[in-house]
Amino acid sequence: MKDVERNAPKVEARTVKGCQDLLPEDMIPRKKVVRAIEDVFERYGFLPIETPALEHLETLLGAGGEETNKELFRLESPEGDPIALRFDMTVPFARLLAQYPDKLKTPFRRYACGPVWRADKPGPGRFRQFTQFDIDAAGSESAAVDAEIIAIMAEVMQAVGIGDFVVLVNNRKVVDALLYGHNVRCPARHKHVLRVIDKLAKVGIENVRLELGEGRMDESGDPIPGVKLDKETIDGLLSFLAIQADTRHGIVEAMRAALPPGEQTDAAMAEMDELASNLDALGVDEKHAVFAPSLARGLDYYTGPVFETILPNAPEFGSVMGGGRYNQLVARFLEEPIPCTGMSVGLDRLMAALRYLGVVPEEKTIVEALVMTLGNVPVSEAMRVAAELRGNGICAEVYFGAKRSLKAQLSHADRFGIPVAVILGEDELAQGMVSVKDLMAGKQQRADISDHDTYRKAGKATQVTVPNTILIDTVRNLLEHDRGQSE
């Protein structure tokens, strides 16, 4: 049987297009970023939940609009039920609110992190399977809650080490008032205009102008149908989208002056005024949260404020966070709607941008100390020392490689960037002693040395032999020194 298996055709090892494998050097910084984001979420009172990757097709179909319907990965359960992989974390949350009214009484705040799937075209930082890290607040229509979401977006950026970012903010009610004021009232045409405006940052103002009119050809030569608005309407829309001011309240006033008077405009502007005042109360800097009339989020379920975070120094990654208010989504499941607002961190895109910006340090291991043995030292001694290190909060690994030479063991530590080696030798063991080597310091000292003797001396200078009784303190001191050097 084993011979048959050995001679069987080999399967090509490959990853599905649009998916990615995450190795230790990917996962270690990723988990740190997740913890930093979780800390921000929890400071604002958001609670963790988890939902299945699979949902009934009827739960997802139509929730995100026509484009999202096309991107669904559709499956069939063993019982023959039509199901699909979730395309976001928000629709499952709406389903959860409807399914557990007694357990999830509003107001309720949650966060969730997990993979989602969209049959989209892969690109830089864009995958078909990717991870979303969401927060949602259910049960309040207050713009103060939207302001908190925006403040959280700003705090998340600062928590992961990015200082140059902008949270763009708009309101679907503002866009609706604008379109109705220009007699764009047909629902299908209304949605078409929103989709075109949403592409402004990607395709530029002139291409948007063409798409709002007769249409244009894309880069491959395929026709893109236009909305077929007249020139006067297009000029009015684009003039509004270009509104700028030094402050959020200034932009509100400029929008108010440009919109047609009426109840729809009054309601939209009152909401934006309240949002601006609450952002001021939360201390959100004007440069970090900017009201942008040109912002139009793509998903159809937004009903009020919408927001997304961009990185001026990495514009090719697009939005790394986005969200908005969706007061009607839960009404797909219940007679009474539950007002909600929230946002999502595109974790994969954010991590790609952090690497591009040099914010994420290269880390291949979480091991702080490698326990090594020389000569006939019993493995049980290495296990005992490792247990002592772990018991004192130090991440430790015992070397179990086939090659047992000192060089092989040090090479293993160097390959993964392990900072400290604890070396157990026969003579030291008999005397109740142990050698501790600061591998990071030794590496730095030897980096620019070309003379062989000096090189060897530099290596020995970073190694000390100490009594077993002070092993833990010695390792801790070396680790603290290395951390101080790297900061």
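Look up a bit, the structure's there.
Residues numbered from 1 in each chain as written. Predicted model: local features only at pLDDT ≥ 70, side-chain atom pairs only at ≥ 80, totals over all residues. Heavy atoms only, no water.

### Side note on the sheet that holds strand S16 (residues 420-424)
Selection criterion: DSSP bridges decide pairing: two strands pair if at least two such bridges lie between them. Helix numbers and strand numbers start at the N terminus; a helix is a DSSP run of H or I with at least 4 residues, a strand a run of E with at least 2. Think of each axis as a best-fit line through the C-alpha atoms, taken over the contacting stretch in the case of a helix, with angles from 0 to 180 degrees between the N-to-C directions. Two residues qualify as a contact provided that any one of their heavy atoms is within 4.5 Å of a heavy atom in the partner residue.
Strand order in the open sheet formed by five strands is S15-S14-S16-S17-S18, with mixed pairing between adjacent strands. Lying at the two open borders of the sheet, with one neighbouring strand each, are strand S15 (396-398) and strand S18 (463-467). If you compare each strand with its neighbour and ignore which way they point, the axes differ by 25° on average. Here strand S14 (residues 369-373) pairs with S16 via five bridges, running parallel. Residue pairing across strands places Met 372 opposite Ile 423, the latter belonging to S16. Set on the sheet, helix H15 (residues 379-391) makes contact with S14, S15 and S16; between it and S15 the angle comes to about 170°. Of the strands in this sheet, S14, S15, S16 and strand S17 (433-438) touch helix H16 (residues 406-416), which is tilted by about 170° from S14.

### Observations concerning the environment of Glu 25
Among the secondary structure elements, Glu 25 is positioned in helix H2 (residues 24-43). Along the chain, Glu 25 and Val 434 lie 409 residues apart, while their C-alpha atoms are 31 Å from each other. With residues near it in sequence (within four places) discarded, Glu 25 still touches Arg 355, Glu 363 and Lys 364.

### Concerning the packing of helix H7 (residues 172-181) against helix H13 (residues 263-281)
Put simply, the rule reads: For this classification, under 35 degrees means roughly parallel, over 145 means roughly antiparallel, 65 to 115 means roughly perpendicular, and everything else is oblique. For any helix crossing, the convention is left-handed if the near helix is rotated counterclockwise from the far helix by under a right angle, and right-handed if that rotation is clockwise. For this scheme, ten residues count as nonpolar: Ala, Val, Leu, Ile, Met, Phe, Trp, Tyr, Cys and Pro. Four count as charged, namely Asp, Glu, Lys and Arg, and the remainder, Gly too, count as polar.
At a closest axis distance of 9 Å, the pairing of H7 and H13 adopts a crossing angle of 155°. Classified by the interaxial angle, the pair formed by H7 and H13 is roughly antiparallel. Viewed along their axes, H7 and H13 form a crossing whose handedness is left-handed. Listed contacts from H13 to Lys 173, Val 174, Asp 176, Ala 177 and Tyr 180 of H7 are Gln 264, Thr 265, Ala 268, Met 269, Glu 271 and Met 272. Split into classes, the residues belonging to the contact of H7 with H13 amount to six nonpolar, two polar and three charged.

### Some remarks on H2
Quick reminder of the rule: Given a helix with a known number of residues, its expected span is that number minus one, times 1.5 Å. Residue burial is assigned from relative accessible area. The probe radius is 1.4 Å, only protein chains are included, and a residue is buried under 20% of its type maximum, exposed over 50%, and partly exposed in between.
Taking 1.5 Å of rise per residue, 20 residues should cover 28 Å, and H2 covers 29 Å from first to last C-alpha, within 8% of that figure. Of the positions making up H2, those classed as buried are Asp 26, Ile 28, Pro 29, Arg 30, Val 33, Val 34, Ala 36, Ile 37, Val 40 and Phe 41. Packed against the buried residues of H2 are strand S5 (108-117), strand S6 (129-138), helix H6 (143-159), strand S13 (340-346) and helix H14 (347-356). Just downstream of H2, Gly 45 is the residue with a positive phi angle, here 85°.

### Here we look at the nonpolar core
We apply this condition: Buried residues of nine kinds, namely Ala, Val, Leu, Ile, Met, Phe, Trp, Tyr and Cys, make up a nonpolar core once their side-chain atoms join them within 4.5 Å.
Core analysis: the biggest nonpolar cluster contains 77 residues, and Phe 41, Met 157, Leu 212 and Met 343 have the highest contact counts within it. It is H6 that contributes the most residues to this core, eleven residues altogether. Of all hydrophobic cores here, the second largest spans 26 residues; its members include Ala 63, Leu 96, Leu 104 and Tyr 326.

### Description of the sheet that holds strand S2 (residues 54-56)
Backbone-to-backbone hydrogen bonds join strands into a sheet, with any given pair of strands oriented parallel or antiparallel. Pairing within the open sheet is antiparallel, and its three strands lie in the order S2-S4-S3. In this open sheet, the two strands that pair with only one neighbour each are S2 and strand S3 (74-76). Each strand axis lies, on average, 40° off the axis of its neighbour in the sheet, ignoring direction. Bridge analysis of S3 against strand S4 (residues 82-85) gives three bridges, and the strand direction is antiparallel. The partner of Glu 76 across the bridge, within S4, is Pro 82.

### Focus on the pattern of salt bridges
Just so we agree on the cut-off: A pairing counts as a salt bridge when a side-chain nitrogen of Lys or Arg comes within 4 Å of a carboxyl oxygen of Asp or Glu.
Applying the stated criterion across every chain, the model contains 23 salt bridges. As a salt-bridge pair, Glu 271 and Lys 173 come within 2.9 Å of each other at their nearest N and O atoms. On the criterion of sequence distance, the pair formed by Glu 271 in helix H13 and Lys 173 in helix H7 is long-range, its members being 98 residues apart. Under the relative-accessibility criterion, Glu 271 is labelled buried at 13%. Connected through salt bridges with shared partners, the residues Glu 206, Arg 209, Lys 231 and Asp 235 form a single ionic network.

### Let's talk about the packing of aromatic side chains
Quick note on the threshold: For Phe, Tyr and Trp, where Trp contributes only its six-membered ring, two rings pair if their centres lie within 6.5 Å, and the inter-plane angle classes them as stacked under 30 degrees, edge-to-face over 60, or tilted in between.
By the definition in use, this model includes five aromatic pairs. Relative to Tyr 111, the ring of Phe 41 lies with its centre 5.9 Å away and its plane at 50°, an arrangement referred to as tilted. Of the two residues, Phe 41 is situated in helix H2 and Tyr 111 in strand S5; the sequence distance between them amounts to 70 residues. Here the two residues Phe 41 and Tyr 111 agree in accessibility, since each one is buried. These aromatic residues form a ring-pair network of at least three members: Phe 41, Tyr 111 and Phe 133.

### Brief notes about H16
Two residues of an α-helix separated by three or four positions point the same way, owing to the 3.6 residues in each turn. Quick note on the threshold: The directions considered for the arc run from the helix axis to the C-beta atoms.
Within the sequence span of H16, burial applies to Ala 408, Gln 409, His 412 and Ala 413. Taken around the axis of H16, the buried residues stretch over an arc of 140°, which confines them to a single face. Directly beyond the C-terminal end of H16, a positive phi value near 75° is found at Gly 417.

### Some remarks on a nonpolar patch on the surface
Heads up, the rule is: Patches here are clusters of residues that have more than 30% relative accessible area and form no salt bridge, with a 9 Å joining cutoff for like charges and a 5 Å cutoff for nonpolar side chains (Val, Leu, Ile, Met, Phe, Trp, Tyr). To measure how exposed things are, a 1.4 Å probe is used in the Shrake-Rupley method; for residues, cover is taken only from the protein chains shown.
A contiguous nonpolar surface patch, about 300 Å² in accessible area, is contributed by Val 379, Met 383 and Phe 400. Relative to the helices and strands, Met 383 resides in helix H15.

### Details of the side chain of Thr 365
Rule in force here: Under this definition, polar contacts are N or O atom pairs within 3.5 Å; protein pairs additionally need one hydrogen-donor-capable and one acceptor-capable atom, and for neighbouring residues in sequence, both atoms have to be side-chain atoms.
Of note, Thr 365 is situated in the loop between H14 and S14. A relative accessible area of 16% means that Thr 365 is categorised as buried. A distance of 2.9 Å separates a polar side-chain atom of Thr 365 from the backbone nitrogen of Val 367. With residues up to four places along the chain from it excluded, the contact list for Thr 365 reads Ile 28, Phe 416, Gly 417 and Ile 418.

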